[in-house]
Amino acid sequence: MNSIDDILHLSEIFGLPNHEPGSILLAFVFSIVWQLVDASLDDEGLLELTSNKSSNWPHDMEIDGLLKRNDNHGLLEKANTEMAITLIQFLLQNEVTSRILHLASQNMPTHWEDFSQRFSVLTTKSLVVRNSKHINPEALTYLASHTSKFLERESKTIPRGEFHALLSSGSILALTSQHHGTSGSALWLPIDLFFEDIMDGTQAAAASAVENLTGLVKALQAVNSTTWHDAFLALWLAALRLVQRERYPIEGPVPRTDTFLCVLLSVTPLAVANIIEEEESQWIDQSASSPSNQWKEKKGKCRQGLVNSLQQLGDYESLLTPPISVQSVANQAAAKAVMFISGITNGSGSYENTSMNESASGCSGNMRHLVVEACISRNLLDTSAYLWPGFVNGGTNQVPQGIAGNVSCWSLVMKGSSLTPSLTNSLITTPASSLAEIEKIYEVATTGSEDEKIAAASILCGASLFRGWSIQEHVIIFIVTLLSPQAPANISGSYSHLINCAPFLNVLLVGISPVDCVQIFSLHGVVGLLTLTYFHVL
């Protein structure tokens, strides 16, 4: 913008008191439209009818004399004028440029009055406008009038002086984001719209939301020419806003908290993991073929951008209050960080599988603790995140209340404990923390006794499905696979092997019947596979 101003002297022509990029951009767009109007008036000899009787814009290039006049010259000149007026009509009709011209009418009243007078002469006296099949004089006049009153309803709530502040931000896109919070948020508005679309309960998407979100974030980061820190921060904020909207739902009494948390803590980390994996795999391929330092310098930009975005996420306290249903889970995540920093372990010397009761009341966790845990479980971060300033509040020398010395119920399963009723109930209400734990239950569901299979099915459809965010996609695949058991090799006749599996299948079908669960399946892109499985069972 500064380079353009140095060449076109827009600050001098419009008397701009400063050289801020937003102000220059406004003057640049306004000058283009104005010059098109003057050029069209000049082509038809109508400048004499204007107040100044001449163009306000210098003609540095006169090429008419270089053109060989012939019989087609008049037709070309008329076509050129018609093209210029059509372009004026487009700029008045386009939403972005019409917003900019509206700002010009608000902040440059003297220049706008001169421009309006010239534009009025063009629309009322131009033979090209009158005779063109592509230009409607009434529509052109309406567009100009509409532009001068653009967004009148919104402007009533915005003091006129704030237009200058918006211009000084350097981005006209700030105009579209003034009601959405942080400056420049309009750049990332497609992410919010994407989240709203995938939460539409009337449709079940065939494609995985993870894949679509990965492509969207990559495209926005490239188009907006931003850092990965900005892109990831915008992604987390959009997902957190989605969760916060569920605190005051307007759709009805059916809660969808688990679905919203799935977007924040499963879908979003998976999309981030895809982006980081793609960048780092590209670095490995390129560094293997080229020994230069070019690719070494690029290594880790995505991952470092993720770290920076999560560190800054702590500044958005209003978005970090967890829903009541997961307050205890957030507290446990915060307690885990305290245990790591304090060096607290269980009898086996590990803090990972230490059992905590439902409250862990000695620690106050928020949504950032859950986001960080989700990223650690996906190997996007390591436990050094627990040492971030402000991540753990208060002292770390006191053991948080609610931390027991015994190991968790999932550790008992991994050690070979049988699925007793009490252990099964604990596993149903406690989500698994690793793929190995879920694979152990899946093995029981396929090879165990009838009672063990039913217990395993209940566990898979429990907390691990709804809130096992780090392994949720694997649980879903295991459930879909179990819904279509293979027929025994020795079966014969018309007898269906599914009859013997009825109690087991019933537990699975009832377990995935809640509305939240159907939406979670949709987010992970297995609705088509699930539908085929349903038909097979029926």
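Going by the structure above, here's the rest.
Calculation criteria
- Residues numbered from 1 in each chain as written.
- Predicted model: local features only at pLDDT ≥ 70, side-chain atom pairs only at ≥ 80, totals over all residues.
- Heavy atoms only, no water.
- Phe/Tyr/Trp six-rings, centres within 6.5 Å; stacked < 30°, edge-to-face > 60°.
- Buried < 20%, exposed > 50% of the residue type's maximum accessible area, 1.4 Å probe, protein only.
- Core = buried A, V, L, I, M, F, W, Y, C linked by side-chain atoms within 4.5 Å.
- Contact = heavy atoms within 4.5 Å.
- Helix = DSSP H or I, 4+ residues; strand = E, 2+ residues; numbered from the N terminus.
- Expected span 1.5 Å × (residues − 1).
- Arc of directions from axis to C-beta.
- Disulfide = S-S within 2.5 Å.
- Polar contact = N/O pair within 3.5 Å; in protein donor to acceptor, adjacent residues only side chain to side chain.
- Salt bridge = Lys/Arg side-chain N within 4 Å of Asp/Glu carboxyl O.

**With respect to the packing of aromatic side chains**
To describe a pair of aromatic rings, you give the distance between the ring centres and the angle between the ring planes.
Then, in step 1: Going through the model one piece at a time under the given rule, you end up with 14 aromatic pairs.
Then, in step 2: Centroid distance W388 to F391: 6.2 Å. Interplanar angle 80°. Geometry classified as edge-to-face. With respect to burial, W388 and F391 carry one shared label: buried.
Then, in step 3: What links up through ring pairs into an aromatic cluster is the set F14, F30, W34, W112, F115 and F119.

**Concerning the nonpolar core**
It is characteristic of soluble globular proteins that their nonpolar side chains tend to be buried jointly.
Then, in step 1: Core analysis: the largest hydrophobic core is formed by 105 residues, its most contacted members being F195, W236, L381, I479 and F521.
Then, in step 2: With residues up to four places along the chain from it excluded, the contact list for F195 reads L213, L235, A238, A239, L242, V263 and T268.
Then, in step 3: Grouped together as the second largest cluster of nonpolar side chains are 34 residues, V33, L41, A84 and I135 included.

**Some remarks on helix α5 (residues 95-107)**
Then, in step 1: In this model α5 runs 19 Å from its N-terminal to its C-terminal C-alpha over 13 residues, within 8% of the 18 Å that 1.5 Å per residue would give.
Then, in step 2: Of all 13 residues in α5, ten are buried, a share of seventy percent or more.
Then, in step 3: The set of residues buried in α5 consists of T97, S98, R99, I100, L101, H102, L103, A104, S105 and N107.

**Points about helix α11 (residues 189-198)**
Then, in step 1: Among the residues of α11, I191, D192, F194, F195 and I198 are the ones counted as buried. Down the axis of α11, the buried set is contained in an arc of 160°. They therefore lie on one face.

**Notes on the state of the cysteines**
Then, in step 1: One pass over the full model with this rule turns up zero disulfides.
Then, in step 2: Here C517 is not cross-linked by a disulfide; its sulfur's nearest cysteine counterpart is in C461, at 7.0 Å.

**Here's the deal with unusual backbone geometry**
Then, in step 1: A positive phi angle, close to 55°, is found at H9, a residue other than glycine.
Then, in step 2: With respect to the helices and strands, the residue H9 is situated in the loop between α1 (2-8) and α2 (10-14).
Then, in step 3: Owing to a relative accessible area of 40%, H9 belongs among the partly exposed residues under this scheme.
Then, in step 4: Backbone geometry places S225, a non-glycine residue, at a positive phi of 55°.
Then, in step 5: With respect to the helices, strands and loops of the structure, S225 is situated in the loop between α12 (209-224) and α13 (228-245).

**Details of the environment of N274**
Then, in step 1: With respect to the secondary-structure elements, N274 resides in helix α14 (residues 257-289).
Then, in step 2: Taking the C-alpha atoms as reference, N274 lies 8.4 Å from E211; in sequence the two are 63 residues apart.
Then, in step 3: Not counting residues up to four positions away in its chain, the partners in contact with N274 are V210 and T214.
Then, in step 4: At 3.3 Å, the side chain of N274 and the side chain of T214 are in polar contact.

**Digging into the pattern of salt bridges**
Then, in step 1: In this structure the tally under the stated criterion is nine salt bridges.
Then, in step 2: Between E280 and R303 there is a salt bridge; the shortest N-O distance is 2.9 Å. Remark: R303 occurs in helix α16 (residues 301-313) and E280 occurs in helix α14; sequence separation between them is 23 residues.
Then, in step 3: The class of E280 is partly exposed, set by a relative accessible area of 21%.
Then, in step 4: Residue classification places R303 among the partly exposed positions, given a relative accessible area of 26%.

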